[in-house]
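# Structural overview for review
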Amino acid sequence: MKHLETNKILTNLNHGFRSGYSCETQLITTLNDLLTEHDQGNQIDIAILDFSKAFGTVPHDKLLHKLHQYGIRGPLHTRLSNFLTQRKMRTIVEGEQSEETSVDSGVPQGTVLGPIMFLCHINDLPDAVTSSVRLFADDCRLYRNIKHQEDHQKLQKDLENLEHWATKWGMRFNAKKCYIMSINQRTSKLYTLNNHILQQV
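The text that follows walks through the structure, step by step, so that each part is easy to find. Because the structure is a prediction, the values reported are computed rather than measured.

## With respect to helix 7 (residues 149–168)
Compared with an ideal rise of 1.5 Å per residue, which puts 20 residues at 28 Å, helix 7 spans 29 Å between its outermost C-alpha atoms and is within 8% of the ideal. Taken as a whole, helix 7 has its buried residues at Asp151, His152, Leu155, Gln156, Asp158, Leu159, Leu162, Trp165 and Ala166. Viewed along the axis of helix 7, the buried residues span an arc of 170°, placing them on a single side of the element. In helix 7, the exposed residues that point more than 90 degrees away from the buried face are His164, Thr167 and Lys168. The secondary structure elements touched by the buried residues of helix 7 are strand 1 (43–50), helix 4 (60–69), helix 6 (113–122), strand 7 (139–146) and strand 9 (192–193). Directly beyond the C-terminal end of helix 7, a positive phi value near 75° is found at glycine 170.

## Some thoughts on unusual backbone geometry
Phi at lysine 53 is positive, roughly 45°, even though this residue is not glycine. Its location among the elements puts lysine 53 in the loop between strand 1 and helix 3 (54–57). Of note, the phi angle at alanine 137 is positive, near 55°, even though the residue is not glycine. Counting through the fold element by element, alanine 137 comes out in the loop between strand 6 (132–136) and strand 7.

## What to know about the sheet that holds strand 1
Across the sheet, which stays open at both edges, the five strands sit in the order 6-7-1-8-11 with mixed pairing between neighbours. Both outer strands of the open sheet, strand 6 and strand 11 (199–200), are each paired with one neighbouring strand and no more. Relative to strand 11, strand 8 (residues 179–183) runs parallel, the two sharing two bridges. Bridge pairing in strand 11 places isoleucine 180 opposite glutamine 200. Sheet contacts for helix 2 (residues 23–39): strand 1, strand 6, strand 7 and strand 8; angle to strand 6, the most-contacted strand, approximately 155°.

## Here we look at empty space enclosed by the protein
Under the defined criterion, the tally for this structure stands at one cavity of 30 Å³ or more. In this structure, the largest cavity spans a volume of roughly 30 Å³. Residues that form the lining of the largest cavity fall into these classes: four nonpolar, three polar and one charged.

## Digging into the nonpolar core
Counting 45 residues, the largest nonpolar core has Leu49, Leu125, Leu142 and Met171 as its most contacted members. Looking at which element gives the most residues to this core, the answer is helix 6, with six residues. In terms of nonpolar packing, the next biggest core, distinct from the first, is built from six residues, Leu34, Ile44, Tyr143 and Ile183 among them.

## Observations regarding the packing of helix 4 against helix 5 (residues 74–84)
Contact pair helix 4 / helix 5: the axes reach a minimum separation of 11 Å and the direction vectors enclose 160°. In this view, helix 4 runs roughly antiparallel relative to helix 5, as classed from their interaxial angle. Judged by the twist between their axes, the crossing of helix 4 over helix 5 is right-handed. Of helix 5, the residues touching helix 4 (which contributes His60, Leu63, Leu64, Leu67 and His68) are His77, Leu80, Ser81 and Leu84.

## Brief notes about the environment of lysine 62
Mapped onto the elements of the fold, lysine 62 is located in helix 4. Sequence spacing of lysine 62 and tryptophan 169 is 107 residues, and the spatial spacing of their C-alpha atoms is 6.5 Å. Apart from residues lying up to four places away in sequence, lysine 62 is in contact with His121, Lys168, Trp169 and Gly170. For lysine 62, the side chain forms a polar contact with the main-chain oxygen of lysine 168, separated by 3.1 Å.

## Details of the packing of helix 4 against helix 6
Where helix 4 contacts helix 6, the two axes come as close as 9 Å, and the packing angle between them is 80°. Judged on the interaxial angle alone, helix 6 and helix 4 are roughly perpendicular. Of the residues in helix 6, those in contact with Lys62, Leu63, Lys66 and Leu67 of helix 4 are Met117, Cys120 and His121. Looking at side-chain class alone, the contact of helix 4 with helix 6 contains four nonpolar, one polar and two charged residues.

The rules we used
- Residue positions are given per chain, counted from 1 along the sequence in the order it is written.
- It should be noted that, the model being predicted, local features are given only for residues of pLDDT at least 70 and side-chain atom pairs only at 80 or more, the latter also being counted only at that level, while totals for whole chains, interfaces and linings use all residues.
- Excluding hydrogens and water, the side-chain values take into account all heavy atoms of the structure.
- Strands here are runs of E lasting at least two residues and helices are runs of H or I lasting at least four, both read from the DSSP assignment and numbered beginning at the N terminus.
- The span expected for a helix works out to 1.5 Å for each residue beyond the first.
- The classification of residues rests on relative accessible area computed with a 1.4 Å probe and restricted to protein chains. Under 20% of the type maximum is buried, over 50% is exposed, and intermediate values are partly exposed.
- The directions from the helix axis to the C-beta atoms form the arc being described.
- The contact criterion used is simple: two residues touch if any of their non-hydrogen atoms lie within 4.5 Å.
- Strand pairing is defined by DSSP finding a minimum of two bridges between the two strands.
- Between N-to-C directions, angles cover 0 to 180 degrees, with each direction set by a line fitted to C-alpha atoms, over the stretch in contact for helices.
- Using a 1 Å grid laid over the protein atoms alone, points where a 1.4 Å probe fits but cannot get out form a cavity; open sets with protein on both sides within 12 Å along at least 5 of 7 lines form a pocket; any residue with an atom within 4 Å of a point counts as lining.
- Grid points are joined across faces, edges and corners, and a volume is the space filled by probe spheres set on the points.
- Any residue outside Ala, Val, Leu, Ile, Met, Phe, Trp, Tyr, Cys, Pro, Asp, Glu, Lys and Arg is labelled polar, Gly included; the first ten of those are nonpolar and the last four are charged.
- Residues belong to a common nonpolar core when they are buried Ala, Val, Leu, Ile, Met, Phe, Trp, Tyr or Cys residues joined through side-chain atoms within 4.5 Å.
- In these notes the angle categories are as follows: under 35 degrees is roughly parallel, over 145 is roughly antiparallel, 65 to 115 is roughly perpendicular, and the rest is oblique.
- Take the far helix as your reference; a near helix turned counterclockwise from it by less than a right angle gives a left-handed crossing, and one turned clockwise gives a right-handed crossing.
- We define a polar contact as two N or O atoms separated by no more than 3.5 Å, with the added condition that, inside protein, one atom must be a possible hydrogen donor and the other a possible acceptor, whereas residues neighbouring each other in sequence contribute only through side-chain atom pairs.

Given below as structure tokens:
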């Protein structure tokens with residue numbers, strides 16, 4: 001964590017699992033953005049996005065690649081690789097056990113390192129879009145000031161960019177649990193994600 005913070009590797013747009021960041025800091029910065037536009041009478045369209053089984057789908061090889069890119073190498077990289085990989089699991093129901101199976105993806109939940117590993121994996125998500133992004137752990141909000149029809153198109157394009165980002169890095173958005181909210185709505189558009197029309201709320 002010291003390496004990540006000292007070298008300013010983690011995006012300031014993610015307020016989860018970090019010292020000096022919280023639900024409150026996320027709320028304050030997001031409300032400031034939205035209320036500034038609202039007070040000027042501007043329309044803001046917000047995409048409320050949900051990762052599918054976020055912590056369980058992180059591909060180990062892709063995460064380890066990102067850690068290497070962030071300068072985490074040598075013995076520490078090897079330790080993190082050992083921490084993530086070669087895990088097995090089984091299910092026990094009413095005393096009956098399943099066969100063991102390998103765990104090929106995901107960051108171990110309930111561990112100290114799990115959340116930090118997840119932050120590293122989604123750290124570059126904001127680089128994929130031109131709209132504003134706010135992240136809290138695995139919650140993602142994407143929003144844009146809508147002044148012209150082209151702004152609707154730019155927000156839609158960013159949703160498509162997030163689809164590509166998710167595919168590249170082994171993540172998935174659950175489009176049925178993703179929504180659109182509009183403030184000061186003057187014009188409307190049907191936004192889509194993974195060929196699913198997002199519900200307006």
